[in-house]
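Architecture at a glance
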Amino acid sequence: MWKKHAALALLICLTVVLLCGCAQEQTTYPEAGTAPTKAPVRQADVLSQPTDAPQPVVEFPEDYDPEEYTDEREEDWDQTEETATVNTGYAARPVMANSKYAGATPIPLDPVDMPTPTPRPDIEFEYEKMDTALGYSMEVPVGWQVVQNDNTAFVIRDPETRDNVNATFSLTSQSVSSTYRVNDLKTELSNQLSQIQRNYVGWKIWQADSRQLLKSDGVYNAYRGVTYDDTVIRGIVHVALVNRSVVTLSFSAPGYYNTSYQRVYNRIRSTIE
């Protein structure tokens, strides 16, 4: 009798062992259409990841007006003549991007944070009378180089380089038809300034005004240009209708010496004949 009980107990043990083995090898598959469960992300892992700084934000004051931003580091135009009515306001400086990101490197704002340029000394020239192939004579600075002198243009240049610029003065003459009027000079002046503007990335012109040249009616305007390397150029374009010809007297010079070179322009204009 005890043998039957022992056999039954052995059979039960074997059955239990077999069932346990099957349970360990059983693989559970997700139901169709159910997304797999992702491992949870700890908050500490998220906080430890570096984040990119936000892009700089360009801001302007609510009452921003480009005409009010002036650059007082350049000399003012010489206004000793009663006809000199050029506005002395200068071109607006570009507003630097201002980043609110706490970790960003501070950006200097020009002209507030930029160093003030060294003041340029006043320049005095001696003058001599010179005849031109155009048929005009005038007083010009002694020692200046004659770049061109023919029946279309007279061009002279200061041999001294200042602020990487050699000042250049030119006198040109172009015949026009009998229907050409003084009012047409404004268009001619605008066209010449537009051609000059192509040489600069920064540009400012003033209010055009009337002014005689060679005792004939004319108009002129002043300009300020900035090149790619931040060189400042100042100049004047003056056109007049003289005996059925458009005569143009113009100059370009280093911006921080504009008062000195405008005196040269005044001397040439007052002595040309």
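The structure under discussion appears in the preceding block.
Every residue gets a number counted from 1 within its own chain, in the order that chain's sequence is written. Thresholds applied to this predicted model are a pLDDT of at least 70 for local features of residues and 80 or more for the giving and counting of side-chain atom pairs; totals over whole chains, interfaces and linings are not thresholded and use all residues. Just so you know, side-chain values use all the structure's heavy atoms and leave hydrogens and water out.

**Focus: empty space enclosed by the protein**
Formally: A 1.4 Å probe that fits into a set of points on a 1 Å grid over the protein atoms alone but cannot get out defines a cavity; an open set with protein on both sides within 12 Å along at least five of seven lines defines a pocket, and lining residues are those with an atom within 4 Å of a point. Grid points are joined across faces, edges and corners, and a volume is the space filled by probe spheres set on the points. Only DSSP runs of H or I with at least four residues qualify as helices, and only runs of E with at least two residues qualify as strands; both kinds are numbered from the N terminus onward.
Throughout the structure, instances matching the rule amount to 1 cavity of 30 Å³ or more. Here the largest cavity is characterised by a volume of approximately 40 Å³. As for the largest cavity, its lining consists of M138, F154, I156, F169, S170, L171, L249 and I268. Mapped by element, the contributors of at least two residues to the lining of the largest cavity are strand 4 (153-157) and strand 5 (168-175). Looking at the lining of the largest cavity, the element that brings in the most residues is strand 5, giving 3 residues.

**Concerning unusual backbone geometry**
Within the chain, N164 stands out as a residue other than glycine whose phi angle is a positive 65 degrees. The topology assignment puts N164 in the loop between strand 4 and strand 5. Positive phi, normally seen in glycine, also occurs at D230, with a value near 70 degrees.

**Topic: the nonpolar core**
Heads up, the rule is: Put simply, buried Ala, Val, Leu, Ile, Met, Phe, Trp, Tyr and Cys residues joined by side-chain atoms within 4.5 Å make one nonpolar core. The buried label applies to any residue whose accessible area, calculated with a 1.4 Å probe on protein chains only, is under 20% of its type's maximum; exposed applies above 50%, and partly exposed to all values in between. Any two residues whose heavy atoms approach within 4.5 Å at even a single point are treated as in contact.
Ranked by size, the top nonpolar core spans 31 residues in total, and within it Y136, F154, F169, L171, Y261 and I268 carry the most contacts. Taken together, the elements giving at least two residues each to this core come down to strand 2 (137-141), strand 4, strand 5, strand 8 (218-226), strand 9 (232-241), strand 10 (245-254) and helix 4 (258-271). In this view, L171 contacts L134, Y136, M138, T152, A153, F154, V247, T248, L249 and I272; residues no more than four positions away in its chain are not counted. L193, Y200, Y223 and V237 belong to the second-largest nonpolar core, a separate cluster that totals 13 residues.

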